[in-house]
Amino acid sequence: MPEVKIQHLDKVYDGGVQAVYDFNLDVKDGEFIVLVGPSGCGKSTTLRMVAGLEDITNGALIIDGKDCTRLPPKDRDIAMVFQNYALYGHMTIYENMAFSLTLRKEKKELIHRKVMTAAEILDLKSQLNKKPRQLSGGQRQRVAIGRAIVRNPKVFLFDEPLSNLDAKLRGSMRRELILLHKKLNATMMYVTHDQTEALTLADRIVCMSMGHVQQIGTPIELYEQPANTFVATFIGLPPMNMFEGKIEGGSFKCDYFDYPLTDKQKQLLSAYDGKQVILGVRPENVTRTGSVKLHITNNENLGMNTLVHGKVGGAKNVVCKFAEWCNYNAGDEIGIGFNPDMMHFFELPVRDENGKETEPGKAIR
């Protein structure tokens, strides 16, 4: 499988609306890349530019050493799997999977061999004589993937392929995609707004917001070392707790509490003494002992752990994730603290004159 090089890609639509800004990415041979972000962040537009379904305004696209920036989709040797399956209802599953090879006028023996190989990989051999309407959503999505496999493309592109499935089926299809990637050792680019898909599927994640790449890295890098406040709050469920305050006198001080800093944190934040910063703490890094008073509003007991929701300082909502079953009642008060090794600090976001955030706050490291 080839490498994909995406260099300084911009997408500007008629009327001057820009959807993607200076997108850069080198996809390694056989790598599984996931583009993740909220709706409208530019991730699907980027994938469609790679596929040739959207024109590239500026920049270059290199696939397997070949400049594909202006090539039509049929000449890029890629295969795309869509959210809505895009199957032909009047054809059998076999005919759907064979369709692209039939158009190429491939020999029937070769078509049959490729379809049967893909059907074996995807456990569809018993479904080949059925029509799409006779299959479940997960089976139809496997047919769409099979149609891509038979083409033996240089790159597989997936545009939110699991979003039409229910939660249980999404989980099983994620596992199937992981196994498929290992079997094919294929170069794959995958778009989703679902961070669980991104964290479980990706070799590397590209996190996007407002048309800009916010961070590229492995799932654990984005989770444990977010580059800015957007990544910190978008990756992780429940999202990271964020507190805006000031570094002063060896403590982090905000409207809700004063929290002493460790020597290591003081050294990290020495240049920020007297300045406003943001403290971020993931729910699982909140401890059940400490000086911060949490007034509990409700529990979510999830079996092996409990999400505890409450307020500090009478106003700030906080979520804690404790690794045990908790039986707190609304109105209870407990003392909480933060794991010092897992406290994150960020600069304040850049805001315009109306207070709207234009750039997330950068991580302080």
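Residues numbered from 1 in each chain as written. Predicted model: local features only at pLDDT ≥ 70, side-chain atom pairs only at ≥ 80, totals over all residues. Heavy atoms only, no water.

The next point concerns the overall build of the protein. A tally of regular secondary structure across the protein gives 9 helices and 21 strands. Taking the intrachain contacts of the protein between residues at least 6 apart in sequence as the baseline, contacts between residues at least 24 apart amount to 65%. Here the protein displays about 17,700 Å² of accessible surface, and carbon together with sulfur accounts for 48% of that area. Taking the average location of the 46 positive side-chain charges in the protein and that of its 44 negative ones, the two points are 8 Å from each other. (Helix = DSSP H or I, 4+ residues; strand = E, 2+ residues; numbered from the N terminus. Contact = heavy atoms within 4.5 Å. Areas by Shrake-Rupley, 256 points an atom, 1.4 Å probe, with all protein chains shown as cover. Lys, Arg positive; Asp, Glu negative; His and termini not counted. Charge placed at Lys NZ, Arg CZ, Asp CG, Glu CD.)

Right, let's talk about unusual backbone geometry for a bit. In the segment running from Leu237 into Pro238, the intervening peptide bond is cis, with an omega of -5°. Of note, Pro238 is situated in the loop between helix H8 (229–234) and strand S11 (241–248). Unlike most non-glycine residues, Asp64 shows phi in positive territory, near 55°. By relative accessible area, which is 44% here, Asp64 ends up partly exposed. The backbone of Asn185 shows a phi angle near 50°, a positive value even though the residue is not glycine. With respect to the secondary-structure elements, Asn185 resides in the loop between helix H5 (167–184) and strand S8 (188–192). (Buried < 20%, exposed > 50% of the residue type's maximum accessible area, 1.4 Å probe, protein only.)

As judged from the 5 bridges shared by strand S1 (residues 4–12) and strand S4 (residues 58–63), these two strands associate in the antiparallel manner. Residue pairing for S4: Gln7 is matched across the bridge by Ala60. Bridge count for S4 against strand S5 (residues 66–67) is 2 bridges, and the pairing is antiparallel. Residue Ile63 lies in a different strand from S5, and its bridge partner there is Lys66. As consecutive antiparallel partners, S4 and S5 are separated by 2 residues, and within that stretch Asp64 has a phi angle of approximately 55°, a positive value. (Pairing = 2+ DSSP bridges.)

Moving on, we come to the pairing of strand S16 (residues 306–312). Counting buried positions over the 7 residues of S16 gives 6, a clear majority of the element. Sheet analysis places strand S15 (residues 286–301) next to S16, joined by 7 bridges and oriented antiparallel. In the sheet register, Leu294 faces S16, and the bridge partner there is Val312. Examined bridge by bridge, S16 and strand S17 (residues 316–322) share 7 bridges and lie antiparallel to one another. If you follow His309 over to S17, its bridge partner there is Val319. The loop that links S16 with its antiparallel partner S17 comprises 3 residues; one of these, Gly313, has a positive phi angle of about 60°.

Relative to the 20 Å expected for 14 residues at 1.5 Å per residue, helix H3 (residues 108–121) spans 20 Å between its end C-alpha atoms, a close match to the ideal helical length. Within the span of H3, buried status applies to Ile111, Val115, Ala118 and Ala119. Viewed end-on, H3 has its buried residues packed into an arc of 100°, placing them on one side of the element. In H3, the exposed residues that point more than 90 degrees away from the buried face are Glu109, Arg113 and Glu120. In the core, the buried residues of H3 are packed alongside helix H2 (93–103) and helix H4 (137–149). (Expected span 1.5 Å × (residues − 1). Arc of directions from axis to C-beta.)

What follows concerns the packing of H4 against H5. What describes two packed helices is the angle between their axes and the distance between those same axes. The N-to-C vectors of H4 and H5 enclose an angle of 20°; their axes lie 11 Å apart at closest approach. With respect to H5, the axis of H4 lies roughly parallel. The handedness of the crossing between H4 and H5 comes out as right-handed. On the side of H4, the interface is formed by Gly137, Gly138, Gln141, Arg142, Ile145 and Ile149, while H5 contributes Leu169, Met173, Glu176, Leu177, Leu180 and Leu184. (Axes fitted to C-alpha atoms, helices over the stretch in contact; angles between N-to-C directions. Parallel < 35°, antiparallel > 145°, perpendicular 65-115°, else oblique. Left-handed = near helix turned anticlockwise from the far one by under 90°.)

With that settled, the discussion passes to the pattern of salt bridges. Overall, the coordinates contain 13 salt bridges when judged by the stated rule. A salt bridge links Glu248 to Lys253; its shortest N-O distance comes to 3.7 Å. Glu248 gets classed as partly exposed once you look at its relative accessible area, which sits at 34%. In this structure, Asp263 engages Lys266 in a salt bridge whose closest nitrogen and oxygen atoms are separated by 4.0 Å. (Salt bridge = Lys/Arg side-chain N within 4 Å of Asp/Glu carboxyl O.)

A word on the sheet that holds S11. The strand order S13-S12-S11-S14-S19 describes an open sheet built from 5 strands, whose pairing is antiparallel. Unpaired on one side and paired on the other, strand S13 (258–260) and strand S19 (343–346) mark the two borders of the sheet. Across the sheet, the axes of successive neighbouring strands diverge by a mean angle of 35°, strand direction being ignored.

On to the side chain of Arg174, then. Along the chain, the position of Arg174 falls in helix H5. At 4.8 Å, Asp194 is the nearest oppositely charged side chain to Arg174, a buried residue that forms no salt bridge. Not counting residues within four places of it along the chain, the set of residues in contact with Arg174 comprises Leu162, Thr196, Glu197, Thr200 and Leu201.

What follows is about the packing of H2 against H3. Viewed as axis vectors pointing N to C, H2 and H3 meet at an angle of 135°, and their least axial separation amounts to 10 Å. Here H2 is positioned oblique relative to H3, judged by the angle of their axes. The handedness of the crossing between H2 and H3 is right-handed. Counting all contacts with H2, which are made through Tyr94, Met97, Ala98, Leu101 and Thr102, the residues of H3 involved are Ile111, His112, Lys114, Val115, Met116, Ala118 and Ala119.

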